Amino acid sequence: MAMKDLKIVGQPVKLRDLDTHVTGETVFYEDVRVPRMLHLKMHRSRYPHARILGIDTSQALSSPGVVTVLTHEDLPGKKLYNALAGAGVGPEDEPVLAFDKVRWKGESVAAVIAETPEQANAAVAKIKVEYEELPAVFDVEEAIKDGAPNLTAHWPNNHYVYPDDHRAAQIRYGDVEKAFAEADHIVEDSYQTQPIEQAPMETNGCIAVPEGDGRITVYSNTQALQFSLDVTAGILDMPTSKLRFVGGTVGGGFGGKVDIQPEPITTLAALRTGRPVKFKYTREEEMQVSSSRSAWRVYVKDGVMNDGRIIARKVTTYQDSGAYLRFSSYACMKHCGHMPGPYTIPNVSVDSIVVFTNRTPSNAMRGFGVMAGSFALEVQMDKIAETIGMDPWELRLINAYREGDMKAHRKEVEDAGMVESILAAAEMAGKQLPENFRNMSSLDRKAG
Amino acid sequence: MASGIVSIKVNGRAEEVVTGAVTTLQDVLRNNLDYTSVKDGCSQGGCGACSVIVDGELRLSCLTPVQEVDGSEVVTLEGLNLSNSITALQQKFIEKYAAQCGFCTPGMMVAITALLDRNANPSRDEIAEALAGNICRCTGYLPIIEAVESIVAEMAGIAGD
Amino acid sequence: MAEYLRPSSLEEAAGMIAAHGSTLAIVAGGTSAMRFAVPYVAYAMGVRGLGMNEIERSSGGLSLGAGVTMRQIRDSLPIPALQDAARGVGGPALQNMATIGGNIFAHPPNGDVATVLLAMDATVTFFTTNGERTQKLEEFYDSGAQADGLLTRIDCAAPGGELVFLKCGRQRFNSRTVISVAACIGLDNGKVGNACIAVGGAGAHPMRCAAAEQALIGRALDDAAITAAGDEAARASSPGTDAVASEWYRRRMVATYLCRALRQIAAG
Ligand SMILES: Cc1cc2nc3c(=O)[nH]c(=O)nc-3n(C[C@H](O)[C@H](O)[C@H](O)COP(=O)(O)OP(=O)(O)OC[C@H]3O[C@@H](n4cnc5c(N)ncnc54)[C@H](O)[C@@H]3O)c2cc1C
Ligand code: FES
Ligand code: FES
């Protein structure tokens, strides 16, 4: 089909709410007006790892303007949650409000609900938590060594355990060790990415409003409305029919608003006080407390022939999940499947491991699980080109997958477009390629 | 605490605010007067989402004590909508996809208005500099700059006729 | 929340400062005070109403009201180094608000305009309940930057040579300051006659750098002298680490940017 026959592809589509974006009339959660609204502020842990010996809220409770203070003892339902539990992934390992221990600096401990944000802040400062500081671990490889401080009994070795007791998401395809022995060159390196804050313009937040019929309406800017609804219902021990979540207007998310952080506790606060309650992250909380992209450490070892063919690739990845699981096991699985890259390599071995450390829990960000892998692999590709003295464009064209090839995770390539994409990029960049490369196609092997 | 009355004109309407403690102009506009186009992205001067025009000058309402604008005229995007002065610019924003999530957009509109009031024919560089205090995490800025460029070209065309 | 005070005269302002001491925060443009001072005090005193926004020029000298904004510097003060510094402070809205007086009290690495004023060997004048007090900006900083009244004016003579300001930032417009440098060099028969060098973001406040000045005075402004001055400035620096840059990086940038500024002057 020619481009001109396409009716939707290639045509601009107007965003539904663009007309009100430009006039400022779009209603973000914070623009919802409700009378007699209270404000919630969170007391957060000052230590990355500590045992909680006691929480004293008495001074906060008698602080001006304070309506109530909530700790783990006030939770009617689940005290632990995981967003994906409803989808069969788990376990639920993250406290709604910390009770036995805190496992990262910034973890939620107690919520103050007051008439004004200033009064809530003043009372937050009056909450006294007695801690016994524990040794903390911040490095993925340190964390999984014998004798490292253990975060929780859920993960005795500080790493996630996949079904069938696997410590890693794995790919085993061909025989990498045999291929390494046959390769002309071995190229080996390690790559590290940093945590990255999504930094949406609008910080995480919600307003929970008790209704006359006993239901609670929650105006939220979450990117994960359904997860949020499910988790909130579980924590409040309430049927989902009693909760009405209103969302969809998100002032930037980029993955940074899939944490289920403000909604459950704000909904509980509305239930307890019988008044609308707002919980809005400050910019500081958004930067320091809301989840970031994980930091990933990736080891790559490749066996390469003089003619540029990569015949073996072995990858070991450690994903720093921070203190809790959130969506990491899913991201790490995706990372694993991506790891041979868009290249056809006959012998592949990948281990990707979710590690728990005393750092801020990480979560989604654009290219969830994949970005760090692509970064490592494409730097590695340049390194290979340099090592064997080959043009990096030509190296990628030689190895790019073709229609019908078998990928390492045993899925046949369909609708391949890698070669064409590289060639189009080369043309745009003014890169001159020899004719035999210019004539390459994703259908090469099919045709041959 | 001694309280006082602050008189301001917002979008052409006279308003009075009784206040003793430090209150930001942003808080008064959003929460007392319901001008919700004035956004709060940081409360610390870093993002520009709260931009308003005070006596013809662009200001950050989150760092402005309302007491400091006693007797002033304040204009928010709601006011610009009323006067229809930015309908053409809004149309360009729609055409160029210069808004995605829309959270930065009101601040952008106000900042662009302040720019064009000072300089009716800004260069691309001057546009970029004039919007440097307004963060947009979605668009990558290019569509916004192009929207301004095209409105400038259009205005120049009209002026030249 | 702090009570808001609006004095209507310098005397009244000085009286409020004396009466409330450290429980009072001065708000000029408010761009720093509203976040870092006002939430922690009982009284906030707005000084915009006092005017103090005159720019006076006399026989080569310059007198700037403490309330002069970055916008005013850009629009009405044809001293390129000061204009460059003012242009780098935040975006246009911030520049309409931020004052030169507030910049003198800015938390490091901020204080871009103050860095230029230091290289211009400016004086600062305070209005107190005991009358006016004028001292060198350099002395004010060296003695711990404690204001005992209201800063009303900043005065400086015409620069005694070529004056250049450079800021190391992360982006072209509205960049947070990594470090800043200002150099004023008077050449006398091809040799450096007088040198006034200041660096910002390299300590608790902007500072004059005597060792770098000594490395230049009496010498030709050549590569060797420039490099020596850069090294001295880096040695004299004790910058901090924050989200914008590390101490390690800042120290190196002090040398790099001072050398760049001096080369610019040498090239004429
Ligand atoms: C987003 C952003 C970006 C910034 N970027 C820069 C930058 O690039 N470079 C830079 O140098 N700064 C920067 N700043 C910091 C600050 O805005 C400037 O330093 C500004 O000049 C401070 O002036 P102000 O009038 O707003 O001070 P205010 O906030 O009003 O006052 C700050 C303090 O100065 C003292 N003070 C002010 N006036 C007087 C007076 N007349 N007498 C006695 N004491 C007084 C008070 O102690 C007061 O608490 C930035 C700030 C923000 C929010
Ligand atoms: S909310 Fe005022 S600048 Fe961000
Ligand atoms: S459109 Fe989302 S921040 Fe600009």
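Heads up: the structure comes first, above all this text.
Here we summarise the structure given alongside this text.

### Re the nonpolar core
Turning to step 1, where the next piece is worked out: Formed by 119 residues in total, the largest nonpolar core has its most connected members in B:Leu25, B:Phe93, C:Met45, C:Leu82, C:Ile104, C:Val116 and C:Leu117.
Turning to step 2, where the next piece is worked out: Ranked by residue count, the leading element in this core is helix 4 (residues 105-118) of chain B, at eight residues.
Turning to step 3, where the next piece is worked out: Each residue touching B:Leu25, except ones within four places of it in the same chain, is listed here: B:Ile8, B:Val52, B:Val54, B:Ser61, B:Thr64, B:Pro65, B:Val66, B:Val69 and B:Val74.
Turning to step 4, where the next piece is worked out: Residues A:Ile113, A:Tyr162, A:Ala408 and A:Leu423 belong to the second largest nonpolar core, which totals 98 residues.

### A short note on the interface of chain C and chain B
Turning to step 1, where the next piece is worked out: Taken residue by residue, the interface counts 30 residues in chain C and 25 residues in chain B.
Turning to step 2, where the next piece is worked out: Of the roughly 2400 Å² buried between chain C and chain B on both sides combined, carbon and sulfur atoms contribute 56%.
Turning to step 3, where the next piece is worked out: The three residues of chain C that bury the most area against chain B are C:Tyr4, C:Met34 and C:Phe173, which together make up 23% of that side's buried surface.
Turning to step 4, where the next piece is worked out: Put simply, chain C and chain B have five salt bridges between them.
Turning to step 5, where the next piece is worked out: The salt bridge partner of C:Arg74 is B:Glu129, with a shortest N-O separation of 3.3 Å.
Turning to step 6, where the next piece is worked out: Across the chain C-chain B interface, the total number found is twelve residue pairs in polar contact (both at pLDDT 80 or more).
Turning to step 7, where the next piece is worked out: Contributing elements (two or more residues each) for the side of chain C that touches chain B: strand 1 (3-5), helix 2 (33-36), strand 3 (43-46), helix 3 (70-76) and helix 5 (92-97) of chain C.
Turning to step 8, where the next piece is worked out: Residue contributions to the side of chain C that touches chain B peak at five residues, all from helix 5 of chain C.
Turning to step 9, where the next piece is worked out: When the residues that make up the side of chain C that touches chain B are grouped by side-chain class, the tally is 13 nonpolar, eight polar and nine charged.

### Considering the pairing of strand 17 (residues 348-356) of chain A
Residue and element names in this part refer to chain A.
Turning to step 1, where the next piece is worked out: Among the nine residues in strand 17, nine count as buried, and that is most of the element.
Turning to step 2, where the next piece is worked out: Along strand 17, one buried face is formed by Val348, Val350, Ser352, Val354 and Phe356 and the opposite face, lined by Ser349, Asp351, Ile353 and Val355, is buried too.
Turning to step 3, where the next piece is worked out: Where strand 9 (residues 169-173) meets strand 17, five bridges bridge the pair, whose relative direction is antiparallel. Its bridge partner lying in strand 17, Tyr173 is registered against Val348.
Turning to step 4, where the next piece is worked out: Summarising the sheet, strand 16 (residues 310-322) and strand 17 pair through nine bridges and their orientation is parallel. Within strand 17, the position partnered with Gly322 by the bridge is Phe356.

Calculation notes
- Within each chain, residue numbers correspond to sequence positions counted from 1 in written order.
- Working convention: letters from A go to chains and numbers from 1 go to ligands, in the order in which they are written.
- pLDDT decides what is reported in this predicted model: residues at 70 or higher carry local features, side-chain atom pairs at 80 or more are listed and counted, and totals for whole chains, interfaces and linings draw on all residues regardless.
- Side-chain calculation: all heavy atoms of the structure are included, whereas hydrogens and water are not.
- To define a nonpolar core, start from buried Ala, Val, Leu, Ile, Met, Phe, Trp, Tyr and Cys residues and group those joined through side-chain atoms within 4.5 Å.
- Throughout this description, buried means an accessible area under 20% of the type-specific maximum (1.4 Å probe, protein chains only), exposed means over 50%, and partly exposed covers the range between.
- A helix here means a DSSP run of H or I that spans at least four residues, while a strand means a run of E at least two residues long, and both kinds are numbered starting from the N terminus.
- Any two residues whose heavy atoms approach within 4.5 Å at even a single point are treated as in contact.
- Each of two parts loses accessible area, computed with a 1.4 Å probe, when they are put together; buried area is these two losses added.
- When a carboxyl oxygen of Asp or Glu is within 4 Å of a side-chain nitrogen of Lys or Arg, the pair counts as a salt bridge.
- In the analysis that follows, any N or O atom pair within 3.5 Å is treated as a polar contact, provided that within protein one partner can donate a hydrogen and the other can accept it, and provided that, for residues neighboring in sequence, both atoms belong to side chains.
- When residues are grouped by polarity, Ala, Val, Leu, Ile, Met, Phe, Trp, Tyr, Cys and Pro land in nonpolar, Asp, Glu, Lys and Arg in charged, and all others, Gly among them, in polar.
- At least two bridges found by DSSP between two strands is the condition for calling them paired.

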